[in-house]
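Inside the fold
Below are the chains, spelled out letter by letter.
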Amino acid sequence: MSFSKVGIDAESNAALEGFLLQFPGGLNAISDLNERRAALNSVTKKLDEIEHSDIEVRDFQAPGSDGSHSIPIRLYRATKEASISAKPCLIYIHGGGMIMGNLETGNLNCLNFARRFDIAVLSIEYRKAPEFPYPAAIEDCIDAISWIVNNAELFNIDLTNLGIYGSSAGGGLVLGTVLKMRDQGRNVFKYMLPIYPMIDNSNTSNSSLEVTNIGIWDRSTNIDAWNWYLIGNQADEYAVPAQAKNLAGLPQCYSDVGSFDLFLDENSSFFKRLSSAGVSTEFHVFHGAFHGSENLAPESELSRKIWESRLGAMERFIEK
C-alpha cells in the first residue's frame, strides 16, 4: 500500500530526514534485535550527558514477586528545598515496543518533570520481550509500584497524589497496569497519562494499514513487536487494553496522538470508550505529528505545542 507523507509537520519531517540519514530505513530496519537495541542506546541521552545538578538521582532495586529477579527503579527529585512534607509522585514507564529501552530511555523526560513540578519521579525498568514475553513487563510494573507504595516513607511521597506516565509501549503498560490493579482492588493512582499507547495487537485499524513506513515505528515493526511480546499466546485485556470491555473506575486521563501515527485509530476508539465509561478523559490529535516526533524534533513549534498540552494537563492533575 502506498503512503504519502504530505501533511507531516515540516520541522518534524526535517528532523526525521536527518535521523534516516544516520539510520537508513530507521532503527527498525536493523534486523538483529540486539544491534537495534544498541542503536537506540547510542542515540539516548545518558544521565551524565544532561545537566542535572538541581535534581537528586538515585537508583534502587525492587524485588520481583517471583523471587527470581529484581526490578531497577530510578528516583528523580528536585534538590532545591529540603522539604519535610511529602511530595506528589509520578511513576514513569519507558517506551520501546516492549522489546527495547531501559532506565536511560526516560532520563530527559523524568528530569524535566521533576524539575518543572517539584515532584518525585520514579522510573521503572521492566523485563523485555522476546526474552521475557507477556506477562513479565506487567508483572514488573505492578511489583515495582507495590514496592514503591509500601516504601512511601523512604521516598517521602504523598500517596494521595500519585500519577503514572508512559508513551507508546509505556502507554500500553500504563493502561494494562491500571486495569489489572483496579481489578485487584488497588486503585492507587490519582491520574494517568498513557501517551499514544500501543494497545491493539490486531493491526486492523485504518491507520495501522495506512501509516506503514514513516521510519520511526511502522506497521511491520509493530507486528513483529507484538509477536515477540505475546509469543503466540492468547492475549488478555491487560496485554491488549483495546480488548478491555469494562473501562469504568480508571484514573482521570490525558492522552494525545499524532495524525500520522499508526496508533491513531486504536487510540481514538479507546479514549472515546474511556470517556463513555465515565472516566474524565482529555484526548488530543495533533495534526502533522508522527509517532515520537516531539522527541525527534523537540524545538519545533508543533512539538512545543504538544508538550505544552501535556504539561498543562499534568499541572492540573497534580495541583487539584
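Residues numbered from 1 in each chain as written. Predicted model: local features only at pLDDT ≥ 70, side-chain atom pairs only at ≥ 80, totals over all residues. Heavy atoms only, no water.

So, on to the pairing of strand S8 (residues 281–290). Where strand S7 (residues 252–260) lies against S8, seven bridges are found, and the strand directions are parallel. Note on S8: the bridge partner recorded for Ser 255 is Phe 283. This β-α-β element, S7 to helix H9 (residues 264–276) to S8, shows right-handed connectivity. (Pairing = 2+ DSSP bridges. Helix = DSSP H or I, 4+ residues; strand = E, 2+ residues; numbered from the N terminus. Right-handed = clockwise from strand over helix to strand, strands pointing away.)

We now examine the pairing of S7. S7 sits mainly inside the fold: eight of its nine residues count as buried. Note that strand S6 (residues 191–195) and S7 share two bridges and pair parallel. Looking at the pairing, Met 192 lines up with Cys 253 of S7. (Buried < 20%, exposed > 50% of the residue type's maximum accessible area, 1.4 Å probe, protein only.)

All right, on to the environment of Arg 58 then. The residue Arg 58 is located in strand S1 (residues 55–63) in this model. When the C-alpha positions of Arg 58 and Met 198 are compared, they lie 29 Å apart, and in sequence the two are 140 residues distant. With near-sequence residues (within four places) excluded, Arg 58 lies in contact with Ile 73, Arg 74 and Leu 75. (Contact = heavy atoms within 4.5 Å.)

Tallied over the entire structure, the rule returns 14 salt bridges. The salt bridge involving Lys 87 is made with Asp 118; its shortest N-O contact spans 2.7 Å. Of this pair, Lys 87 sits in strand S3 (residues 87–93) while Asp 118 is found in the loop between helix H3 (107–117) and strand S4 (120–124), placing the two residues 31 residues apart along the sequence. Given a relative accessible area of 8%, Lys 87 falls into the buried group. (Salt bridge = Lys/Arg side-chain N within 4 Å of Asp/Glu carboxyl O.)

A separate point is the layout of surface pockets. Reported here for the largest pocket is a volume of approximately 1,300 Å³. Forming the boundary of the largest pocket are 39 residues, of which Thr 105, Gly 292, Glu 294, Asn 295 and Leu 296 lie nearest the centre. The set of elements that each furnish at least two residues to the lining of the largest pocket consists of helix H1 (10–22), helix H2 (33–43), H3, helix H10 (293–296) and helix H11 (301–319). Take the lining of the largest pocket: its biggest share by element is seven residues, from H3. Along the lines of polarity and charge, the residues of the lining of the largest pocket split into 16 nonpolar, 16 polar and seven charged. (1 Å grid on protein atoms, 1.4 Å probe; cavity = no way out; pocket = protein on both sides within 12 Å on 5 of 7 lines; lining within 4 Å. Points joined across faces, edges and corners; volume = space filled by probe spheres on them. Nonpolar A, V, L, I, M, F, W, Y, C, P; charged D, E, K, R; others polar.)

Along the chain, Gly 67 falls in the loop between S1 and strand S2 (70–78). Taking C-alpha positions, Gly 67 is 26 Å from Leu 159, a pair spaced 92 residues apart along the chain.

Further remarks concern the packing of helix H4 (residues 136–150) against helix H6 (residues 169–183). Orientation of H4 relative to H6, taken along the N-to-C sense of each, is 65°, at an axis distance of 10 Å. Both H4 and H6 take part in a crossing whose hand is right-handed. Between H4, through Ala 137, Ile 138, Cys 141, Ile 142 and Ile 145, and H6, the contact on the second element is made entirely by Leu 173, Gly 176, Thr 177, Lys 180 and Met 181. In terms of residue class, the contact of H4 with H6 is built from seven nonpolar, two polar and one charged. (Axes fitted to C-alpha atoms, helices over the stretch in contact; angles between N-to-C directions. Left-handed = near helix turned anticlockwise from the far one by under 90°.)

When a protein is soluble and globular, its nonpolar side chains tend to lie buried together. Counting 74 residues, the largest nonpolar core has Ile 91, Leu 122, Ile 164, Leu 173, Met 192 and Tyr 229 as its most contacted members. Sort the elements by how many residues they give to this core and H4 lands first, with eight residues. Excluding residues within four positions of it along the chain, Ile 164 makes contact with Leu 90, Ile 91, Ile 93, Ile 145, Val 174, Val 178, Phe 189, Tyr 191, Met 192 and Leu 193. With 32 residues, the next largest nonpolar core counts Leu 90, Leu 193, Phe 286 and Trp 307 among its residues. (Core = buried A, V, L, I, M, F, W, Y, C linked by side-chain atoms within 4.5 Å.)

Quick look at the packing of aromatic side chains now. What the rule picks out here adds up to 13 aromatic pairs. Between Tyr 92 and Tyr 165, the ring centres sit 5.6 Å apart and the planes meet at 10°, which makes this aromatic pair stacked. Here Tyr 92 is found in strand S3, whereas its partner Tyr 165 is found in strand S5 (residues 157–167), with 73 residues between them in sequence. Taking relative accessible area as the criterion, Tyr 92 reaches 3% and is therefore assigned buried. The buried category is assigned to Tyr 165, whose relative accessible area is 0%. (Phe/Tyr/Trp six-rings, centres within 6.5 Å; stacked < 30°, edge-to-face > 60°.)

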